[in-house]
Structure formats: C-alpha cells, structure tokens
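A look at the structure
Residue strings, one per chain:
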Amino acid sequence: QIADQTRKAFPMALTLYTYPGNFRAFKILIAAEYNGIAIDVPAFEMMKDNKTPEFLAMSPLGKVPVLKTPQGALFESNAIARYVARMRRDTELYGTTFFASAQVDSWIDFCTHELELAATMWLYPVIGYMPFNPAATAKAKEDVIVSLKTLEAALTTQTYLVGDKMSLADIVVASALVYPMKLLMDASFRAPFPNTMRWFNTCVNQPEFKAVIGEVVLCVTETAAPSAGEAAKAPAPAAKAAAPAAQEGGKKNKKDKKEKQPGGKPDPAEIERLKAEAAERKKNAPPKEKKEEPKKKKEEAPAAAPAPAPVKKAEHPYKIMDREAPSGFDSDQWKKIYSNCKGDYAGAMKQFWELHDSKGWSIHTCRYKYNNENGKAFMVSNAINGFIQRSGEIRKWLFGVMWVTGEEG
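Procedures and definitions
- Residues numbered from 1 in each chain as written.
- Predicted model: local features only at pLDDT ≥ 70, side-chain atom pairs only at ≥ 80, totals over all residues.
- Heavy atoms only, no water.
- Helix = DSSP H or I, 4+ residues; strand = E, 2+ residues; numbered from the N terminus.
- Buried < 20%, exposed > 50% of the residue type's maximum accessible area, 1.4 Å probe, protein only.
- Contact = heavy atoms within 4.5 Å.
- Areas by Shrake-Rupley, 256 points an atom, 1.4 Å probe, with all protein chains shown as cover.
- Core = buried A, V, L, I, M, F, W, Y, C linked by side-chain atoms within 4.5 Å.
- Pairing = 2+ DSSP bridges.
- Axes fitted to C-alpha atoms, helices over the stretch in contact; angles between N-to-C directions.
- Phe/Tyr/Trp six-rings, centres within 6.5 Å; stacked < 30°, edge-to-face > 60°.
- Lys NZ or Arg CZ within 6 Å of the ring centre and 35° of its normal.
- Patch = residues over 30% accessible without salt bridge, like charges linked within 9 Å, V, L, I, M, F, W, Y side chains within 5 Å.
- Salt bridge = Lys/Arg side-chain N within 4 Å of Asp/Glu carboxyl O.

**Here we look at the overall build of the protein**
Assigned secondary structure in the protein consists of 16 helices and three strands. With 409 residues in all, the protein has 38% of them scored as buried. Considering only contacts in the protein between residues 6 or more positions apart, those separated by 24 or more positions represent 74%. Working note: accessible area of the protein is about 25400 Å², and carbon and sulfur atoms make up 56% of it.

Written as structure tokens, this is what we have:
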C-alpha cells in the first residue's frame, strides 16, 4: 500500500532495457519494489535492439541493463541499483549513516569482484555461454566457497549484511545467488553454510523479491555442463520460454509463471532458455578481426605533435574577493564554535556577533516557495539533499541552518 501511494505521489518516467531473466537486472527491480518506484521494462532482444544507434547513444558498449531517466541514461547495473536505492532516503536501502552507506558499498564490491565473478564462471558453461573447462570450473567452485564462507562469518551474529534491516547490500548479493542456488548448489554444497541459507531464504521470500524473481526452488541435483557437441545443439531463440522477470515494472506475469518440477529439480525450460540466449549471442557475434602481418620494413614514426598547453581553471569569484578584500571573519573558526557548543546556541550566537564582519559577509533568510511539493517526508529530504549537493562549490564560504516544520501530509 505504501509503495502504491509513493508511485502516485512521486511518479517518474523510468525505463529499464534488459533481456528477460538477466540476474543483473534483478537488484534494480527489487530495489524499485522496496522504494515504490515504477519502472517500465519493454520487450528487448539482444544482438538486435542493443545494436541500434539510439541504444548505443545510451550504452556505448551495447551492454545491458540500461536505465533511461528524465535526466539521461545510466549504464552499469551497480550504478543503476545505487541510483534507484537512493531515490528515497526514508526506506534507508543505502544505510542510515555515511558509515553504513560505505558498508553497503563494501558488500556490493565484494559481490562484483569475488562472488559474482566466480559464480558466473561456474554457471556459464552450464547454460552454454562458454566452453566447459574442468579445471576452470573446479577453481570457480573453490572461489564460490571462499565467498560463501565470508558471508557465513558475517551472518553468524546478524540477520542482514548491514544494520538490522534489508539494504541494497542484501539485494545485490542475494540477486547474484539466485541462479546458482536454483541450478548449481545442491543440499550437500549448501550444508556448511546454514546462516547464509537462513539469510538467503529470508531475502527471496520477501514480497519485493517474489514480485521480480518469483518462487525460488533450491537445487536438488547439480546441473552438469553440456559437452561441446550438446552446446552446439541449443534450440533456436524462437522457442525460448517466458522470462521469470516481469515486463511491467519488474512485476511477475502470473500467466507466464512456470510450474516448478517436483522435488525442486531445475526447470528444463529455464535452462534451455538460457542456452538459447547464449547460442544467439554466439551466432550474431561479430567476426574477430584478423591481425595484420607486421611490416618487414620499419616505418619511421611521425614526429609527435606538441602537447596542448593546459587550460588554467578560472578562479572562483569568492576566492578572488578573499585575496583582494580579505575579511577578518574566519568561517572555519565559527563552524567549529557552532559544532562544539554542546547545545548552548545562545552562547554560540553571542560569539558569532562578536566575530561577524558585515562588510565581508552577508546574512540571508530563505523560505521555500513550493510547499505543494513537500507532502511527504522523503520529498522534503530529497529537496534538502539536492540543495546541499548543488551548493558544494561555495561550501567554503557558506554556513546555514535548515528548519523543516509542520506535519507530513
């Protein structure tokens, strides 16, 4: 209900371009569910739609996912997930403090460089995306175990990765584990990690997760990687099954929902769909460029053009004023007095008037004119944070106190 109210109160034209079932899009759509943000997910065909000039203008390398916003396009899945998570401060998906936000970033980087990399090296041969190499798969499994041990240690004494509630850290890491948990990690593989499994099951059974990824049935028997011959016989893309992710703002289409195999076995249609996508990418991949034979006669390299002279950045007007008409008022000294007054603001203001230089500094009172935009607390929070960010250039010459009065609604 809160999410529906937020969509009405805070509408934004957001469109996510990605192929169906892309696990890197899961975290974006799940964060949108938590924040009550509507995201349109149109039909998208890899190796076709991502090669158009319009798409390449949004994503220079032609990669997905890409989020189109009123301000422009964003590429790279982690950047998009952070953007969606930060759209609402009151849900605290990105942490309640600067330190907590840094903790969230730590787990996102851990997921990208440690867990996700190893998990995909194990998964991709299974779905036919890359050739099977026994040594590489064995090493990938070892690296996945190391990552799971890291999670297990962190979750021994806490329910979630950061703080005492769901955050973007949980969403990102759990999303990366969805396919490995469904297709690769059988009960014996999962057994040494009870805390991780408790946490994972808690995450994927939240309504916000289910709205995007549906029901997660854990693997019973590890899906084996096909041989080179079997990988070449992958079915044509026209026969691929319906996507597990939704086409309407990340919502799952009940009509497209496939019944799970008895006993929790992997859904063959899902595996075949992933194989078909891999075969289509290989089929439509551009041919590798042939390396030119080195010339026998070494040509003389042309003389290097002289480097352009560096453009000197223009000085800020306030910096020029400090140099040409210096003031006796030290703003840093005043900020320390105010920050360390321990609640004695009357005493602090007394010192302010003693230090203040009316010729060098001015005092202003500002009132926000558009209170119709401030119906919800998170709207006010967004406006304040936007104002502070845009004032960063003059922060050295600025001090202020903001008051938020009234009641929500």
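**Focus: the nonpolar core**
Ile39, Leu151, Leu168, Leu177 and Phe209 are the most contacted members of the largest nonpolar core, which has 72 residues in total. At the level of elements, α2 (23-35), α4 (77-85), α5 (98-126), α6 (134-154), α7 (168-183), α9 (194-204) and α10 (207-213) are the ones that each hand at least two residues to this core. The greatest single-element share of this core, amounting to 13 residues, is contributed by α5. In this structure Phe209 touches Ile30, Tyr34, Met166, Ile171, Ala174, Cys203, Val204 and Gly214, once residues within four positions along its chain are discounted.

**Looking at the sheet that holds strand β3 (residues 72-75)**
On the basis of which strands lie adjacent, the open sheet formed by three strands has the order β1-β2-β3 and antiparallel pairing. Every interior strand has two partners, whereas the edge strands, β1 (15-17) and β3, have only one. Across the sheet, the axes of successive neighbouring strands diverge by a mean angle of 20°, strand direction being ignored. Summarising the sheet, strand β2 (residues 66-69) and β3 pair through four bridges and their orientation is antiparallel. Bridge pairing in β3 places Val66 opposite Phe75.

**Looking at the packing of aromatic side chains**
All told, the structure shown has 13 aromatic pairs when counted by the stated rule. With centroids separated by 6.0 Å and ring planes inclined at 85°, the aromatic side chains of Phe329 and Phe352 adopt a geometry described as edge-to-face. One end of the pair, Phe329, is in the loop between α13 (317-324) and α14 (331-339); the other, Phe352, is in helix α15 (residues 345-355), with 23 residues separating them in the sequence. The rings of Phe329, Phe352, Trp353 and Trp361 are connected pair by pair, giving a single aromatic cluster. The lysine or arginine in question, Arg86, covers the ring of Tyr94, its NZ or CZ lying 4.3 Å from the ring centre.

**A look at the pairing of β2**
As paired elements, β1 and β2 share three bridges and run antiparallel to each other. Among the inter-strand pairings, Thr15 is bridged to a residue of β2, identified as Lys68. Count of turn residues in the β2/β3 antiparallel hairpin: two residues.

**Side note on the side chain of Thr120**
Relative to the elements of secondary structure, Thr120 occurs in helix α5. If near-sequence neighbours (up to four positions away) are discounted, Thr120 is found in contact with Phe23, Arg24 and Pro125.

**Describing a nonpolar patch on the surface**
Taken together, the side chains of Met349, Trp353 and Ile363 define a hydrophobic patch exposed on the protein surface, amounting to about 320 Å² of accessible area. Note on placement: Ile363 falls in the loop between α15 and α16 (377-390).

So far we have only geometry, and geometry alone does not tell us how the molecule works.
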